[in-house]
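# Fold and contact review
If you want the building blocks of each chain, they are given just below.
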Amino acid sequence: MTAGPSRPPGRTRAAGVAAGVWGAALLVRAHTFAGPAPVAVALVRLLGARYVAQAVLLTLAEAPLERAVRAVDILHALSMLALVGSRRYRRPALISAAVAVGLASLVTPGSRSMSQR
């Protein structure tokens, strides 16, 4: 083994790429996902920016904070449950929760984060 910089595992890198694509889509097409309401558009863009930042962390950082990223995604998915009762926001909330759970399931803790415990 070489003592080079640690790299995220393949699944974690894939989660980073997926988060980046999803985040970019939310940033560019916020009206498509949120409708015409300015507050909803702003929130979708904020979520998109968060996913782009997450993508950078997961794909470029030498020792990404996998557990923190998973926790943020799981908390986000749980927060979307509050909107499931809304007629207007049920579908976007369920899609957002599904994406968050999917990304969280792809992130695999690296050996570095496991050895710190």
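Residues numbered from 1 in each chain as written. Predicted model: local features only at pLDDT ≥ 70, side-chain atom pairs only at ≥ 80, totals over all residues. Heavy atoms only, no water.

### Description of the environment of Val41
We count it as follows: Numbering of helices and strands starts at the N terminus; helices are DSSP runs of H or I of at least 4 residues and strands are runs of E of at least 2. Contact criterion: two residues are considered in contact whenever any of their non-hydrogen atoms come within 4.5 Å of each other.
Inspection of the secondary structure assignment puts Val41 in helix H3 (residues 38–60). Measuring from C-alpha to C-alpha, the distance between Val41 and Arg29 comes to 9.1 Å, with 12 residues separating the pair along the chain. When sequence neighbours within four positions are dropped, the list of residues in contact with Val41 reads Ala30, His31, Ala34 and Gly35.

### Focus on the nonpolar core
Test applied: The set of buried Ala, Val, Leu, Ile, Met, Phe, Trp, Tyr and Cys residues whose side-chain atoms join them within 4.5 Å is what this entry labels a nonpolar core. Relative accessibility under 20% of the residue-type maximum defines a buried residue, over 50% an exposed one, and the middle range a partly exposed one, all with a 1.4 Å probe and only protein chains included.
Core analysis: the largest hydrophobic core is formed by 22 residues, its most contacted members being Leu26 and Tyr51. For this core, the elements supplying multiple residues, two or more each, are helix H1 (10–28), helix H2 (30–34), H3, helix H4 (66–80) and helix H5 (90–106). If one sorts the elements of this core by residue count, H3 sits on top with 7 residues. The residues touching Tyr51, leaving out its near neighbours within four places in the chain, are Ala19, Gly20, Trp22, Gly23, Leu26, Asp73, His76, Ser96, Val99, Ala100 and Leu103.

### Considering H1
The cut-off we apply is this: Given a helix with a known number of residues, its expected span is that number minus one, times 1.5 Å.
The first and last C-alpha atoms of H1 sit 27 Å apart over 19 residues, in line with the 27 Å expected at 1.5 Å per residue. Three or more residues of H1 are buried, namely Thr12, Ala15, Gly16, Ala19, Gly20, Trp22, Gly23 and Leu26. Buried residues belonging to H1 abut H2, H3, H4 and H5.

### So, the packing of aromatic side chains
Let me state the cut-off plainly: Centres within 6.5 Å make a pair out of two Phe, Tyr or Trp rings, where for Trp the six-membered ring is used; the pair is then stacked when the planes are under 30 degrees apart, edge-to-face when over 60, and tilted otherwise. For a Lys NZ or an Arg CZ to count as sitting over a ring, it must be within 6 Å of the ring centre and within 35 degrees of the ring normal.
Per the stated rule, a full pass over the model turns up 1 aromatic pair. For the pair Trp22 and Phe33, a centre-to-centre distance of 5.3 Å together with 70° between the ring planes defines the contact as edge-to-face. Within this pair, whereas Trp22 is found in helix H1, its partner Phe33 is found in helix H2, the two being separated by 11 residues in sequence. Positioned above the aromatic ring of Tyr51 is the side chain of Arg50, whose terminal nitrogen or guanidinium carbon lies 4.2 Å from the ring centre.

### Focus: the pattern of salt bridges
Where charged atoms of side chains with opposite charge meet at close range, the side chains can pair. Which entries qualify depends on this criterion: Think of a salt bridge as a Lys or Arg side-chain nitrogen and an Asp or Glu carboxyl oxygen that are within 4 Å of each other.
Counted by the stated rule, this structure contains 1 salt bridge. Close ionic contact of Arg50 with Asp73 constitutes a salt bridge, the shortest N to O distance being 3.1 Å. One end of the pair, Arg50, is in helix H3; the other, Asp73, is in helix H4, and 23 residues separate them in sequence. Relative accessible area serves as the criterion here: at 23%, Arg50 is assigned to the partly exposed category. Overall, Asp73 belongs to the buried group, its relative accessible area being 0%.

### Overview of the layout of surface pockets
Inclusion rule: As defined here, a cavity is a set of points on a 1 Å grid over the protein atoms alone where a 1.4 Å probe fits but cannot get out. A pocket is an open set with protein on both sides within 12 Å along at least five of seven lines, and residues line them when an atom is within 4 Å of a point. Grid points are joined across faces, edges and corners, and a volume is the space filled by probe spheres set on the points.
Size it by volume and the largest pocket reaches roughly 570 Å³. Forming the boundary of the largest pocket are 21 residues, of which Ala40, Val44, Met80, Tyr89 and Pro92 lie nearest the centre. Listed by contribution, the elements that provide at least two residues to the lining of the largest pocket are H1, H2, H3, H4 and H5. The element that contributes the greatest number of residues to the lining of the largest pocket is H3, accounting for 6 residues.

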